[in-house]
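Listed here are the chains, written in short residue letters.
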Amino acid sequence: MTSALHTSALQSLPLLARGKVRDNYSVGTDRILMVASDRISAFDVIMGEPIPGKGALLTQMALFWFELLKDIVPNHLTGDEPVSAVSAAERAQVEGRSMLVKKLKPLPVEAVVRGYLAGSGWKEYQHNGEVCGVKLPADLKNASKLPEPIFTPATKAEMGDHDENISFDKMVGIIGLDLAVRVRDVSIQLYKAAADYALTKGIIIADTKFEFGLDEQGTLTLMDEVLTPDSSRFWPSEGYEAAFQAGANPPSYDKQFLRDWLEQAQVNGQPWDKTAPSPALPAEVIEHTAAKYREALTRLTGPGA
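We now turn to the structure provided with this report.

Definitions and cut-offs
- Residues numbered from 1 in each chain as written.
- Predicted model: local features only at pLDDT ≥ 70, side-chain atom pairs only at ≥ 80, totals over all residues.
- Heavy atoms only, no water.
- Helix = DSSP H or I, 4+ residues; strand = E, 2+ residues; numbered from the N terminus.
- Rg over C-alpha atoms; globule rule 2.2 N^0.38 Å.
- Buried < 20%, exposed > 50% of the residue type's maximum accessible area, 1.4 Å probe, protein only.
- Contact = heavy atoms within 4.5 Å.
- Pairing = 2+ DSSP bridges.
- Arc of directions from axis to C-beta.
- Phe/Tyr/Trp six-rings, centres within 6.5 Å; stacked < 30°, edge-to-face > 60°.
- Lys NZ or Arg CZ within 6 Å of the ring centre and 35° of its normal.
- Salt bridge = Lys/Arg side-chain N within 4 Å of Asp/Glu carboxyl O.

## Focus: the overall build of the chain
Working step 1: Within the chain one finds eight helices and 18 strands.
Working step 2: Taking 305 residues into account, the globule formula puts the C-alpha radius of gyration at 19 Å, and the chain, at 19 Å, falls close to it.
Working step 3: Overall, the C-alpha framework of the chain stretches about 60 × 55 × 40 Å when taken along its three principal axes.
Working step 4: Looking at the chain as a whole, 49% of its 305 residues qualify as buried.
Working step 5: A fraction of 64% describes how many contacts in the chain between residues 6 or more apart in sequence connect residues 24 or more apart.

This is how it looks when you write it as structure tokens:
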């Protein structure tokens, strides 16, 4: 396996921003090179150790979904080869883990669709019977399948902060009614198409987060990454029913194993307080997490379940 890339360092292009996972570089005036590093974050803290192969897996998965869903909404891919944007000496940092995409005006809201009740949605439901202002039936349990997928937007947080769930009305106040309705309708359409496909591969997509931008003509465009374990809750369908009946979280393809380890990790004899720096990850946690990402990609893109 190629060596892990914690942080890219391209000299031939100006750095625009470093996110939790991606390093974005400006290519001319109208394109961005998105390099998916092998960084991993949990509890909004970036771990000191990378997960080898993670950036390439995320990129392959996002490209797979962009292709599958391209007839629903335009996406940000340019079709250009990412390595064409960098010097020969920098190709190794870019190859297999990058996308060369259109520069868009990002919408300041995240488009979250939930088909199942989990995570922050389950917490909110227990409190008031709704999620982001959407009233739900009274008898739902943790990991219940919802009667219909629901759209529950969030505002984008600054690095290190948590995204904040908001109501649809609040989203309308931020981006206007017409755009809010389009984002909601397209997001639900994308989720349904992806969830139906994933089920044929033995994966339940419990919820996911989409990001959109506008091009110069004002065309709504799907951007960033899409339907990966970093932005979605993936459950293997064969473990779902038993966990649901037991009231437990179903086994997942995301970072849950890492989070569980961090919950019991100690720093200087004390439980880790979930602020940087993170505890050093043991080799088994790194390998188990990498294996989960590999398995999700293999199942989704391989022959049927």
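## A few points about the pairing of strand β3 (residues 31–36)
Working step 1: Of all six residues in β3, five are buried, a share of seventy percent or more.
Working step 2: Across six bridges, the pairing between strand β2 (residues 22–27) and β3 is antiparallel. By the bridge assignment, Tyr25 is partnered in β3 with Leu33.
Working step 3: Counting the residues between successive antiparallel strands, the hairpin from β2 to β3 contains three residues, one of them, Gly28, with a positive phi of roughly 65°.
Working step 4: Looking at chain direction, β3 and strand β6 (residues 98–102) are connected through five bridges and run antiparallel. Each bridged residue has a counterpart across the sheet, and for Met34 the counterpart in β6 is Met99.

## Some remarks on helix α3 (residues 119–128)
Working step 1: Three or more residues of α3 are buried, namely Gly121, Trp122 and Tyr125. Down the axis, α3 shows its buried residues gathered within 95° of arc, on one side only. Facing away from the buried surface of α3 by more than 90 degrees, the exposed residues are Lys123, Gln126 and His127.
Working step 2: Where α3 is buried, its residues meet β8 (109–116) and β9 (130–131).
Working step 3: Following α3 by one or two positions, Gly129 has its phi on the positive side, about 75°.

## So, the packing of aromatic side chains
Working step 1: In the structure shown here, the tally under the stated rule is eleven aromatic pairs.
Working step 2: Consider the rings of Phe64 and Tyr197, whose centres lie 5.5 Å apart with planes at 50°: the pair is tilted. In this pair, Phe64 sits in helix α1 (residues 54–68) while Tyr197 sits in helix α5 (residues 177–199), placing the two residues 133 residues apart along the sequence.
Working step 3: Pairing Tyr116 with Trp235 gives two aromatic rings, centres 5.6 Å apart and planes at 75°, and the pair type is edge-to-face. Taken together, the residues Tyr116 in strand β8 and Trp235 in strand β16 (residues 232–236) connect sequence positions 119 residues apart. Just as Tyr116 is buried, Trp235 falls in that class too.
Working step 4: Of the aromatic side chains, those joined through ring pairs into one cluster are Tyr116, Trp235, Tyr240 and Phe244.
Working step 5: For the cation-ring pair, Lys141 lies above Phe244, with the distance from its terminal atom to the ring centre recorded as 4.7 Å.

## Digging into the pattern of salt bridges
Working step 1: Under the defined criterion, the tally for this structure stands at 19 salt bridges.
Working step 2: Glu238 is paired through a salt bridge with Arg299; the nearest N and O atoms lie 3.1 Å apart. Here Glu238, found in helix α6 (residues 237–245), pairs with Arg299, found in helix α8 (residues 283–301); they are 61 residues apart in sequence, far enough to count as distant.
Working step 3: One salt bridge connects Glu287 with Arg294, and the closest N-O pair in it is separated by 2.7 Å.
Working step 4: For Glu287, a relative accessible area of 42% translates into the label partly exposed.
Working step 5: Bridged by salt links that share partners, the residues Arg18, Asp23 and Arg39 form one connected network.

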